[in-house]
Amino acid sequence: MEQEQSEMNGSSSREDAGRSVEQRAEEAVEESSPRGGRVTIISDPGRTSYLVRRLLRRGPRQWGEQHEITHRQTRLPLRSDGTLDVDVAQEWAREESASMTVVITELPRIGASGPKSAELHFSERLAIISLPVQGPAGVMHGLRRELDRALVTLRRHSLEPVEHLRVGWRLEQGDERDSAYITPRYTWPARVWMTLGIAVSNEPMLSLPKLSGVFAAASATGAFGVFYGSIWGIAEALPSWRLAVITGLAILGLVLWLMLRNRLWDGPGSAGGRRLAVMYTVATVLSLLVSVAMLYLLLFAGILVISLLLIDPTYMAQTQEGLDGTLLNYVDIAWLAASMGTVAGAIGSNFDPEADLEGLTQGSRELRRYPRDAEQR
């Protein structure tokens, strides 16, 4: 009997060791879940509210099953320095007849020790969660995890009970004794992760309609390479590495032009400090790189299709020495023509509404979404 009991204990120990830290943390969350009452979730309109609705449709954890969940979207106010007006959020929480209130915002939030993934106010039973801190990938998982952590901490009204949940994060006392911050454990990786999260919040994949003038000018110039045989010869003579360098310079040049012409950078006074201003600007550059690269790929594909339809292989071989009308010849022509068109796209940007291009940046969107604060700035 003693031997069997020992074997059973050993098996149990191996099973416990086999479970990941994340699994144990999730189990602890469920065991600590608040019971009864109502949870009010307030989120920014747009992408933030869309993700919250998806999260609620998937079904929350045990805390959600035992609570009545109310979700509404509201434009969260800003202070004159571009930071979230926490006082207004606390006032909302006091007005809500809810057990706990959660504010989820697309505003990046950063403190002295790093990005703030969540800010907790125990008196108002309020949690403020910053979506960009969750990064560019696994946002739904990160949002669910942050929601769990915040609600468990609020329910227990203490910093101590969540020590066993500290998986890659830390909980710090706020400026007030009744507040605390949940921050990532490693500051610099968290800042990089948050910057990528800001870039994703800019939704660069959906910004191509805002660059319609750029695309029109780029297409017109790129078509030039289809109809002029001299471009065919140049494309064939250039090695692939040079074509790649030309493409990179064309994309970077257009990004730089869009940044400078439309002043798509943020100053410390309008972005909540120097560190956030740098993150906003880096995120804008990354967003524009993705948008312009997508525009280039569309331009390249379009020129390649047109070339295959209009240029007869026999005619190409007859008019240009060294060309035999293979698919690689068409690819080289489209490659060079698309690079030429991308450079010319800078001219087309003059015809794109400035407001549309400003919408590609986090700081400019904040100014447009909060007109009262914009006037004060």
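Residues numbered from 1 in each chain as written. Predicted model: local features only at pLDDT ≥ 70, side-chain atom pairs only at ≥ 80, totals over all residues. Heavy atoms only, no water.

### Points about helix 5 (residues 86–95)
Okay, step 1: When we look at burial in helix 5, the residues that qualify are Val86, Ala89, Gln90, Trp92 and Ala93. Across the axial projection of helix 5, the buried residues extend over an arc of 155 degrees, all falling on one side. Opposite its buried face, helix 5 presents the exposed residues Arg94 and Glu95, each directed more than 90 degrees away.
Okay, step 2: Its buried side turned inward, helix 5 meets strand 1 (38–43), strand 3 (100–105), strand 6 (118–121) and strand 7 (126–130).
Okay, step 3: The distance from a side-chain oxygen at the start of helix 5 to the backbone nitrogen of Asp87 is 3.3 Å, and the residue carrying that oxygen is Asp85. (Buried < 20%, exposed > 50% of the residue type's maximum accessible area, 1.4 Å probe, protein only. Helix = DSSP H or I, 4+ residues; strand = E, 2+ residues; numbered from the N terminus. Arc of directions from axis to C-beta. Contact = heavy atoms within 4.5 Å. Polar contact = N/O pair within 3.5 Å; in protein donor to acceptor, adjacent residues only side chain to side chain.)

### Considering the pattern of salt bridges
Okay, step 1: Under the counting rule described, the total for this entry stands at four salt bridges.
Okay, step 2: In this structure, the salt-bridge partner of Glu119 is Arg109, at a minimum N-O distance of 2.5 Å. Residue Glu119 is found in strand 6, and its partner Arg109 is found in the loop between strand 3 and strand 4 (110–111); the two are separated by ten residues along the sequence. The two residues Glu119 and Arg109 agree in class, both being buried. (Salt bridge = Lys/Arg side-chain N within 4 Å of Asp/Glu carboxyl O.)

### Comments concerning the confidence of the model for the chain
One rule of thumb: low pLDDT means the predicted coordinates there are not for detailed reading.
Okay, step 1: Taken residue by residue, the chain gives an average pLDDT of 77. The fraction at 70 or more is 73%.
Okay, step 2: Ranking the elements of the chain by mean pLDDT puts helix 17 (residues 371–376) last, at 38, and strand 7 first, at 92.
Okay, step 3: Low pLDDT, under 50, characterises residues 369–377; the stretch is placed with 22 contacts to residues that sit more than four places away or in other chains. (pLDDT = per-residue confidence, 0-100.)

### Things to note about unusual backbone geometry
Okay, step 1: Phi is positive for Arg125, close to 50 degrees, though the residue is something other than glycine.
Okay, step 2: The backbone phi angle of Glu203 is positive, close to 50 degrees, even though this residue is not glycine.
Okay, step 3: Relative to the helices and strands, Glu203 resides in the loop between helix 7 (187–201) and helix 8 (212–227).
Okay, step 4: By relative accessible area, Glu203 is classed as partly exposed at 34%.

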